[in-house]
Amino acid sequence: MQETPPNTAVRRVVIAGGGTAGWMAAAGISRTLGPMLDIVLVESDEIPTVGVGEATIPTLVTFHRALGLDEREFMAATQATFKLGIRFADWKARGEEYVHSFGTTGKDHWSAGFQHFWHRGRSRGLAGDYGDYCLELRAALEDRFAHLPENGLNYAFHMDAGLYARYLRRFSESHGVRRIEGRIAEVQADRASGNIEALVLASGERIEGDLFIDCTGFRGLLIEQALGVGYEDWSHWLLCDSAIAVQTASVGPAVPYTRSTAREAGWQWRIPLQHRVGNGIVYASRYIDDAQARETLLANLQGERLVEPRTIRFRPGQRERTWHGNCVALGLASGFLEPLESTSIHLIQRGIIRLLQLFPAAGIRQTDVDEYNRQSREEIESIRDFVILHYKVTDRDDTPFWRACREMQVPDSLAHRIALFADSGRVFREGFELFAENSWVQVMLGQGLVPRSHHPTADLMDDAELSRFLGQIRERVARTLAQLPAHETYVRGYCPAA
Ligand code: FAD
C-alpha cells in the first residue's frame, strides 16, 4: 500500500504527451467531464510520436460512439478501412493459415460453447472448418463488408495513427482542451508521496496541476523518470523486443483484415489503409540482428516503399503501478506487450474509461488508486496470456526462436487454460478479460490445439440433428455473406475522400 497523497480536489488535469494516448485521453476526459475541469495537453514538436499503432479491435467503435464521433468523418480524416480480424499465416506450421475474427462463431448452448458441437460434428465427419460458422471470418476471407442492423457484423478499423492524433486534437480543442507546445525539461515531484506539483518546460513555463496523465511514450517521463514506480519485465515470455516499420503504396484493394505472417524469429504485419499500407516486422533481437530483420521485411513487401524503414525498440512488460500518487500513466508510458493482436490502443481506452469511473473529483483516495491498479493488472495479465498463447502452442520447431517459444515455461494461468482446453474443449472468460471464449477457441484451434473430448451436451444430438444444426448455421452465414458488397466498394461509398 502506498502513502495517501494530499486530498485536494482535482480541477486542473495536465496531460503530458500528444500521441495516440494523449489525444485519446484529452478527447475522453473533455467530452465527459470537460465543464468541471481545466485540461491542458503538453506536447513537443521536437519529440516525434512512435508513429505506429494502426490496427484496432471492435471496442474502439464503442469508444467513438461514447465520444459522439461521426464514423464517416473519422474514417475520412484518418484514411481508415474496416477490420474484421487477423489472418495468421505460418504460425502453426509453414504453409498453414487461420483467422482470428471478431464476432461469434456458431451458436452456443447455455451449458456448452459452440466448439463442443463443432468438435463432435468433426469427429462424425459432419462439420466443415470452424471458421465456416462465423460471418466475420467468412466476410474477411471473401473481402466483403457492410454495416448490418443490430451490430450484425463486428468490426474495428485500420487507421493512420498520425492522422488520428490530429483528428482527436481538433475534437479535444473544440471541447475546451488547451494545447501547449513545448519540451518538458523538468518534472517537479515528491518521489516519496508520488505527488507531482508541476511540469517545467524548456521555455521556463511552469504548468501546475492536480492530476497528471503521463502519455510520454516509452520514456515514461513522469511515472518512471520522476516517480520511479518500477517496471515488471515480461521478456522471458514475450521474446520479441524490436520492430522495423515501413509504409508502402497500395497495390490492390484494401482487404478487411490485418495480415500477420510468422517469420524466422518473430512475425510481419501488413495493415491496409485507404491511401497506403502499413508494414512492419517484429522480432527477437537475441535471435536475429537488425540487418537480418530488415532484409526479411524488405524482401516481403508489396508496392513501392514510401518512407525509410524505422527501427523501434521495446521492452515487453508493465509498470508496477499505472496510477501512483497524482499521476496516471496511459499508452506506452504504462507498458507494452507487443503489437500482436492490436491491444495497445484498446488498453489506452480502458485506462481512460477506468479513470473516468474512478475520477477523483473530490480528492485522490488510495482506495480508488488501488482499485484502478487492481483492475488494470488483471486486464493486462489476461491479454499477456492470450498473446503468449500464439507463440507457445505451435508445431514450428524449425528455428531456435520457435524452439525456445515451444519450450518456454508460460504463466500458470495460461498453462491451466491450455490444459483445460486440450482435455475438454472448455474455456471461460473471466473478470476484466478482453478476449471472449470465441477468441481463445479460434487461436487455440488455429495454433493446432485440438481438444481430446467435448461436452456431453453435444452427444445428446444424433447425427441427423447435429448435421441439421451445423448446416443451418453455415447456410445463414453464406446467405448473409452473399449480400455483402466488396469491402473497398463499401468504403468508397461510405466515406468519399474528404
Ligand atoms: P507516443 O506516440 O510515443 O507519444 C509520446 C508523446 O509524448 C509525443 O507526443 C511526444 O511529443 C511527447 N513527449 C515525450 N517526451 C516529451 C517531453 N519531454 N516534452 C513534451 N512532450 C514529450 N497498438 C495498437 O493498438 N495496434 C497496433 O497495431 C499497434 N502496433 C504497434 C506496433 C509497434 C511496432 C509498436 C512499438 C507499437 C504498436 N502499438 C499498436 C502501440 C501503439 O503504437 C501505442 O499504444 C500508441 O501509439 C500510443 O503511443 P503513446 O501515445 O503512448 O506514445
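Here is what the cut-offs are and how they apply
Residues numbered from 1 in each chain as written. Predicted model: local features only at pLDDT ≥ 70, side-chain atom pairs only at ≥ 80, totals over all residues. Helix = DSSP H or I, 4+ residues; strand = E, 2+ residues; numbered from the N terminus. Rg over C-alpha atoms; globule rule 2.2 N^0.38 Å. Contact = placed C-beta atoms within 7 Å. UniProt positions renumbered as here; feature names shortened; annotations may be inferred. Buried ≥ 20, exposed ≤ 12 C-beta atoms within 10 Å, placed from the backbone. Domains from an automatic or database assignment. Nonpolar A, V, L, I, M, F, W, Y, C, P; charged D, E, K, R; others polar. Pairing = 2+ DSSP bridges.

Here we take up the overall build of the protein chain. In terms of regular secondary structure, the protein chain is built from 16 helices and 21 strands. For 498 residues, the compact-globule estimate of 2.2 N^0.38 gives 23 Å, and the C-alpha radius of gyration of the protein chain, at 23 Å, lies within 12% of that figure. Counting only C-alpha atoms, the protein chain reaches 75 × 50 × 45 Å along its principal axes. Partitioning the contacts of the protein chain with sequence separation of at least 6, the portion at a separation of at least 24 is 77%.

Another aspect to go through is the UniProt feature "binding site: L-tryptophan" (unreviewed entry) in the protein chain. Per the UniProt record, "binding site: L-tryptophan" (unreviewed entry) is found at E341. A residue is classified by how many C-beta atoms lie within 10 Å of it, and E341, with 23 of them, is buried. Discounting residues that sit within four places of it in the chain, E341 has contacts with F386 and V387.

Per the domain assignment, the segments of the protein chain are domain 1 (12-54 + 160-233 + 316-364), domain 2 (104-143 + 389-483) and domain 3 (242-313). Just the C-alpha atoms count here: the centres of domain 1 and domain 3 sit 28 Å apart. Opposite the eight residues of domain 1 that make contact, domain 3 presents 12 residues. When grouped by side-chain class, the residues that make up the side of domain 1 that touches domain 3 number four nonpolar, one polar and three charged.

Strands sit in the order β12-β18-β21 across an open sheet of three strands; the sheet is antiparallel. Strand pairing shows two members of the sheet lacking a second neighbour, β12 (231-233) and β21 (335-336), which therefore form its edges. The pairing of β12 with strand β18 (residues 317-319) spans three bridges and is antiparallel. Following the sheet pairing, D233 is matched in β18 by G317.

The UniProt record marks G18, G19, T20, A21, L332 and I345 with the feature "binding site: FAD" (unreviewed entry), using the residue numbering of this structure. A maximum C-alpha distance of 13.9 Å among these annotated residues, which run over 328 residues, shows that they cluster at one spot. The residue A21 is located in helix α1 (residues 20-33) in this model. In this structure A21 touches C215, L330, G331, L332 and I348, once residues within four positions along its chain are discounted. With respect to the helices and strands, the residue I345 is situated in helix α9 (residues 344-357). Excluding residues within four positions of it along the chain, I345 makes contact with T20, G53, T56 and L60.

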